[in-house]
Amino acid sequence: MKDLLRLKTSLTEEIETLLNEQIKVEAHSSAVYLAMSSWCDRNGFDCSAKYFQKQSGEEREHMLKLFNYVSDLGGRAVSPEITNIPQEFESFRSVFEQALQQEIYVTQQFNRMAARCMKASDFVTFQFIQWFLEEQIEEEYVARRALELFDVIGEEGTGRYEIDKRVPKIKYHK
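Bear in mind the structure is a predicted one, so any value in this text is a computation, not a measurement. (Residues numbered from 1 in each chain as written. Predicted model: local features only at pLDDT ≥ 70, side-chain atom pairs only at ≥ 80, totals over all residues. Heavy atoms only, no water.)

A. The arrangement of the pattern of salt bridges in detail. In total, this model carries eleven salt bridges according to the counting rule given. Linking Glu88 and Arg42 is a salt bridge whose minimum nitrogen-to-oxygen distance equals 3.0 Å. Taken together, the residues Glu88 in the loop between helix 3 (46-72) and helix 4 (92-119) and Arg42 in helix 2 (residues 13-42) connect sequence positions 46 residues apart. The exposure class assigned to Arg42 is partly exposed, which follows from its relative accessible area of 45%. Measuring nitrogen to oxygen at the nearest pair gives 2.6 Å for the salt bridge that ties Glu148 to Arg145. Here the residue Glu148 and the residue Arg145 both occupy positions in helix 5 (residues 123-153), the gap between them amounting to three residues, near one helical turn. Classification of Glu148 as partly exposed rests on a relative accessible area of 31%. Since its relative accessible area comes to 31%, Arg145 is described here as partly exposed. Here the salt bridges do not stand alone but share partners, grouping Arg93, Glu97 and Asp151 into one network. (Salt bridge = Lys/Arg side-chain N within 4 Å of Asp/Glu carboxyl O. Helix = DSSP H or I, 4+ residues; strand = E, 2+ residues; numbered from the N terminus. Buried < 20%, exposed > 50% of the residue type's maximum accessible area, 1.4 Å probe, protein only.)

In structure tokens, the structure reads:
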């Protein structure tokens, strides 16, 4: 029966598993960004709270894009269980440090998936994830620039206020 079900999809078990793992990574990222939004809001960083809420929505969209891809190809898309979401952060800066680390991790996961797709000759999925890899350039750029504001502006005096105002204005231009 398992072999018969496998005929319904062009995805190998390995690639389907990787895609479902990435669905979970994106869902986790969405939840972490929402927690960051809440932390920023509680600590008076309104602009950053809105920025992280927007990021949370984008990560959820990425999760759904992957989920629908697996489903559309006849695979078994798994709704992930999300746990271990931090609710507290050491500082305003640490929120952005964690955001950058998270984006770098996501890029590494997509690179890993791309390599596996090439090895498995799954060129359809390889082509599909190119969009995500391109998106990660922007995600890392914005997260890196936001973190750099802490060094450029500094946190003394009105520094954190200025950083908070500038974060949503960071744009990536190709």
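From this point on, the discussion continues.
B. Summary view of the environment of Lys171. Position of Lys171 relative to the elements: it lies in the segment after helix 6 (159-166). As a C-alpha pair, Lys171 and Gly159 span twelve residues in sequence and 20 Å in three-dimensional space.

C. The arrangement of the nonpolar core in detail. The biggest cluster of nonpolar side chains holds 26 residues, and the ones touching the most others in it are Met36, Cys40, Phe52, Phe92, Val95 and Phe96. Mapped by element, the contributors of at least two residues to this core are helix 2, helix 3, helix 4 and helix 5. Dropping the residues within four chain positions of it, Met36 is found in contact with Phe52, Phe89, Val95, Gln98 and Ala99. Residues Met63, Leu66, Phe128 and Ile129 belong to the second largest nonpolar core, which totals 21 residues. (Core = buried A, V, L, I, M, F, W, Y, C linked by side-chain atoms within 4.5 Å. Contact = heavy atoms within 4.5 Å.)

D. Local environment of the packing of helix 3 against helix 5. As a packed pair, helix 3 and helix 5 sit with axes 12 Å apart at the nearest point and diverge in direction by 170°. Judged by the inter-axis angle, helix 3 sits roughly antiparallel to helix 5. On helix 5, the residues touching Tyr51, Gln55, Glu58, Glu59, His62, Lys65, Leu66 and Tyr69 of helix 3 are Val124, Thr125, Phe128, Trp131, Phe132, Glu135, Glu139 and Val142. Among the residues making up the contact of helix 3 with helix 5, the classes are represented as eight nonpolar, three polar and five charged. (Axes fitted to C-alpha atoms, helices over the stretch in contact; angles between N-to-C directions. Parallel < 35°, antiparallel > 145°, perpendicular 65-115°, else oblique. Nonpolar A, V, L, I, M, F, W, Y, C, P; charged D, E, K, R; others polar.)

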